Amino acid sequence: MSQQFVPVTPGNFSVWFDYAMGTSPALRKTIDILIGNKRTFDASVNRELYATFVKPHAGSDTTGDFPDQLQGVISSAKEFLATAISDNRTQIEALDAVTSQVHANDDPRPIIERLVAELARVNERATALETNFIETTQELDRIRDSLRAAEERSNTDALTGLANRRSMDEFFRSAQIAAMEKDASLSILMIDIDHFKKFNDTWGHQVGDQVLRLVAKVLQDIVGEVGLAARYGGEELIGVLPGFDLAACTELAEHIRLRISEARLTRRTTGQAISSVTVSIGVAQFRLAESAEAMIERCDRGLYEAKRLGRNRTITEADIEGETVKNDTAAA
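Residues numbered from 1 in each chain as written. Predicted model: local features only at pLDDT ≥ 70, side-chain atom pairs only at ≥ 80, totals over all residues. Heavy atoms only, no water.

J.: Talk me through the overall build of the protein; I want residue IDs and the actual numbers.
T.: The helix and strand tally for the protein stands at 11 helices and seven strands. Taking all 332 residues of the protein together, the buried fraction comes to 36%. Expressed as a percentage of contacts within the protein between residues at least 6 apart in sequence, the contacts between residues at least 24 apart total 66%. As displayed, the protein offers around 19,400 Å² of accessible surface, 53% of which is attributable to carbon and sulfur atoms. (Helix = DSSP H or I, 4+ residues; strand = E, 2+ residues; numbered from the N terminus. Buried < 20%, exposed > 50% of the residue type's maximum accessible area, 1.4 Å probe, protein only. Contact = heavy atoms within 4.5 Å. Areas by Shrake-Rupley, 256 points an atom, 1.4 Å probe, with all protein chains shown as cover.)

J.: Describe the environment of leucine 27, and please don't skip the residues or the numbers.
T.: By the secondary structure assignment, leucine 27 is in helix α2 (residues 25–36). Judged by relative accessible area, which is 0%, leucine 27 ranks as buried. Apart from the residues within four sequence positions on either side, leucine 27 is in contact with Val15, Asp18, Tyr19, Leu49 and Phe53.

J.: For helix α6 (residues 165–182), give the residues involved together with the corresponding values.
T.: Under the 1.5 Å per step criterion, the end-to-end length of α6 is 25 Å for 18 residues, consistent within 8% with the ideal 26 Å. The secondary structure elements touched by the buried residues of α6 are α2, α3 (43–54), β1 (186–193), β2 (228–233), β3 (236–242) and α10 (292–308). Trailing α6 by a residue or two, aspartate 183 shows a phi angle of about 55°, which is positive. (Expected span 1.5 Å × (residues − 1).)

J.: Give me the sheet that holds strand β7 (residues 314–316): which residues, what numbers.
T.: Spatially, five strands are ordered β2-β3-β1-β6-β7 in an open sheet, and the strand pairing comes out mixed. Edge strands, defined here as strands with exactly one partner in the open sheet, are β2 and β7. For this sheet the average axis-to-axis angle between neighbouring strands, irrespective of direction, equals 20°. Pairing geometry for strand β6 (residues 279–285) and β7, over three bridges, is parallel. Within β7, the residue paired with glycine 282 across the bridge is isoleucine 315. Across the sheet, α10 touches β1, β2, β3, β6 and β7, and the angle it forms with β6 is around 145°. (Pairing = 2+ DSSP bridges. Axes fitted to C-alpha atoms, helices over the stretch in contact; angles between N-to-C directions.)

J.: Give me the nonpolar core: which residues, what numbers.
T.: Leu189, Ile191, Leu219, Ile256 and Val277 are the most contacted members of the largest nonpolar core, which totals 34 residues. Mapped by element, the contributors of at least two residues to this core are β1, α7 (196–203), α8 (205–223), β3, α9 (246–262) and β6. If you tally residues by element for this core, the top one is α8, at 10 residues. With residues up to four places along the chain from it excluded, the contact list for isoleucine 256 reads Leu189, Ile191, Val218, Leu219, Ile222 and Val223. (Core = buried A, V, L, I, M, F, W, Y, C linked by side-chain atoms within 4.5 Å.)

J.: So, helix α1 (residues 10–21): which residues are in play, and what are the values?
T.: In a regular helix each residue adds 1.5 Å, so 12 residues correspond to 16 Å; α1 covers 16 Å between its end C-alpha atoms and thus fits that length. Residues of α1 that are buried: Asn12, Val15, Trp16 and Tyr19. Summarising the axial view, the buried residues of α1 lie within an arc of 85°, below the 170-degree limit, and thus occupy one face. Exposed residues pointing more than 90 degrees away from the buried face of α1 are listed as Pro10 and Met21. Along its buried surface, α1 packs onto α2 and α3. Glycine 22 lies just past α1 and shows a positive phi near 75°. (Arc of directions from axis to C-beta.)

J.: For the packing of aromatic side chains, give the residues involved together with the corresponding values.
T.: Inspection of every chain in the model, using the stated rule, returns four aromatic pairs. Centroid distance phenylalanine 13 to phenylalanine 17: 6.0 Å. Interplanar angle 25°. Geometry classified as stacked. Taken together, the residues phenylalanine 13 and phenylalanine 17, both in helix α1 and four residues apart, mark about one turn of the helix. The class of phenylalanine 13 is partly exposed, set by a relative accessible area of 45%. (Phe/Tyr/Trp six-rings, centres within 6.5 Å; stacked < 30°, edge-to-face > 60°.)

J.: Give me unusual backbone geometry: which residues, what numbers.
T.: In terms of backbone geometry, most residues other than glycine have negative phi values and most peptide bonds are trans. If you check the backbone angles, aspartate 183 has positive phi at about 55° while not being a glycine. Within the secondary structure layout, aspartate 183 lies in the loop between α6 and β1. Taking the relative accessible area as the measure of exposure, aspartate 183 reaches 72% and is therefore exposed. Even without glycine at this site, histidine 195 takes up a positive phi of about 50°.

J.: Hey, could you go over the pattern of salt bridges for me, with residue numbers and the actual values?
T.: Inspection of the entire model under this criterion finds 14 salt bridges. Put simply, arginine 166 and glutamate 170 hold a salt bridge, and the shortest N to O gap is 3.9 Å. Of this pair, arginine 166 and glutamate 170 both sit in helix α6, four residues apart, roughly one helical turn. A salt bridge links lysine 217 to aspartate 221, with the shortest nitrogen-to-oxygen separation between them at 2.9 Å. Of this pair, lysine 217 and aspartate 221 are both found in helix α8, four residues apart, which corresponds to roughly one turn of the helix. Lysine 217 gets classed as exposed once you look at its relative accessible area, which sits at 52%. Where salt bridges share partners, they join Arg287, Glu290, Arg298 and Glu317 into one cluster. (Salt bridge = Lys/Arg side-chain N within 4 Å of Asp/Glu carboxyl O.)

So this is what it looks like as structure tokens:
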């Protein structure tokens, strides 16, 4: 911290402690990239590092996440193995007794009968052990499939089928690191459905859901091949686009906007035509070391400006910054 002139505050210390301990590979990569680029660790960068890599995990507790079902299977397997080990010891003792009997008795028939009986029990125990392991393996396969399905559900928005906020945050963090490592572009677009409340009030929430699914499908169809389409919240959707600069992301946003405006919806129950759907879109490009929240905030300002200017349009962060410069010049 002293080498990089980072003030020793509790937040900064948490960041650099995690960096030194290597508990967050993503944080280590990000700081190494910043150092390699000779980036100054000013208050803004320090704040973004804390917000991105430390604050989301503060106070998290994963000790209760281990599935009870999996614990039950493991406990059952341990008990069965303990029983098998105990049976094996008993078997060895029985065979030792047979060995002693060989030396003490000249008649081989009872010895052979006992040996055959002991070998039969060995076979029975081996068969039972094999059956138990097969059943345990099948149960573990079912648990694995259930966990995979649960993980997929936890990463997916139920209504739209898009990625949810949790999944988006993980994707953005990986895309952020990749962009800094490769010195590549990364942009996002945020969509808000125009007059969405009117659809719900006029046609009912089922039609509102239908409108949301329509917009989500267009977003997924266009963004899904090159990035991540996610539901940010309510009627707001977001596209994260690695490798896209501001101009390319804006072009894609316009393609999405036009596709949605050209779509026509009908009410499923009656076949009645529903008014056309339009969206407003904000666009922003990633800046070195910033958090997802900072980037989304700029994107949201573009979205708000698109609404203010009459909706059904795309506004970028550059448009807003250009307007700010114009206003400052006029005021001067």
